[in-house]
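Okay, here's what each chain looks like letter by letter:
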Amino acid sequence: MWPVGSLLILALVCVACRLPTNEVSGGGTSDALQMEIEVDLKPDIGITPVSVRVVQEGRAVAGASVEITGDMTHAGMIPVIRKAVEVEPGLYRADTFEFTMAGDWFLTAEVVLSDGKRVSKILPLSVQR
């Protein structure tokens, strides 16, 4: 019984810890919505502008609220959080995003659409010295 219970717990942990690609809360699906996170320069310690493109059904999404959070893959790191500003319909930029140390990071872009739906996407990346 113990080995079966251990395998079940391990399977549940693996499923719960996966990184999402697009998640929508508040109803609806993300099938027609596409997001792309772009790091404008080679990821390096210091200021590195980050852009998020949001397109729904082939059209740029204007008027959304976008927040970018950077976390390292190890515990104990204070996340870097920046609001992105809409620079043109469907393109949001955080020009002051700062990688505070080298290592493995993941950026999470959370978009709140004008209808209240929340969509997020994660981009894993490695920051060099």
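Just above, that's the structure.
All of the points below concern the structure found in this document. Worth saying up front: this structure is predicted, and the values here are computed from it rather than measured.

1. A look at the environment of I37
No. 1: In this fold, I37 is placed in strand β2 (residues 33–39).
No. 2: Given a relative accessible area of 10%, I37 falls into the buried group.
No. 3: With near-sequence residues (within four places) excluded, I37 lies in contact with V50, S51, V52, L107, A109, K121, I122 and L123.

2. Let's talk about the nonpolar core
No. 1: In this structure, M35, V52, V54, I68, W105 and V111 are the most contacted members of the largest nonpolar core, which totals 26 residues.
No. 2: For this core, the secondary structure elements donating two or more residues are β2, β4 (50–56), β6 (65–72), β7 (80–88), β8 (91–94), β10 (103–112) and β11 (118–127).
No. 3: With four residues, β10 is the single largest residue contributor to this core.

3. Quick look at the pattern of salt bridges
No. 1: Under the criterion given, the structure shown has four salt bridges.
No. 2: With a shortest N-O distance of 3.3 Å, E38 and R53 are connected by a salt bridge. Residue E38 is found in strand β2, and its partner R53 is found in strand β4; the two are separated by 15 residues along the sequence.
No. 3: For E38, a relative accessible area of 21% corresponds to the partly exposed category.
No. 4: Residue R53 is classed as partly exposed on the basis of its relative accessible area of 35%.

4. A short note on the side chain of T48
No. 1: Structurally, T48 can be placed in the loop between β3 (46–47) and β4.
No. 2: Polar side-chain contacts of T48 include one of 3.5 Å to the backbone oxygen of D44.
No. 3: Beyond its immediate chain neighbours, meaning those up to four positions away, T48 contacts V39, L41, A94, F97 and F99.

5. So, the environment of R118
No. 1: Among the structural elements, R118 can be located in strand β11.
No. 2: Sequence separation between R118 and S65 is 53 residues; the distance between their C-alpha atoms is 9.4 Å.
No. 3: At a separation of 3.0 Å, a polar atom in the side chain of R118 contacts the side chain of E110.

Here is what the cut-offs are and how they apply
- Residues numbered from 1 in each chain as written.
- Predicted model: local features only at pLDDT ≥ 70, side-chain atom pairs only at ≥ 80, totals over all residues.
- Heavy atoms only, no water.
- Helix = DSSP H or I, 4+ residues; strand = E, 2+ residues; numbered from the N terminus.
- Buried < 20%, exposed > 50% of the residue type's maximum accessible area, 1.4 Å probe, protein only.
- Contact = heavy atoms within 4.5 Å.
- Core = buried A, V, L, I, M, F, W, Y, C linked by side-chain atoms within 4.5 Å.
- Salt bridge = Lys/Arg side-chain N within 4 Å of Asp/Glu carboxyl O.
- Polar contact = N/O pair within 3.5 Å; in protein donor to acceptor, adjacent residues only side chain to side chain.

By themselves these figures say nothing about function.
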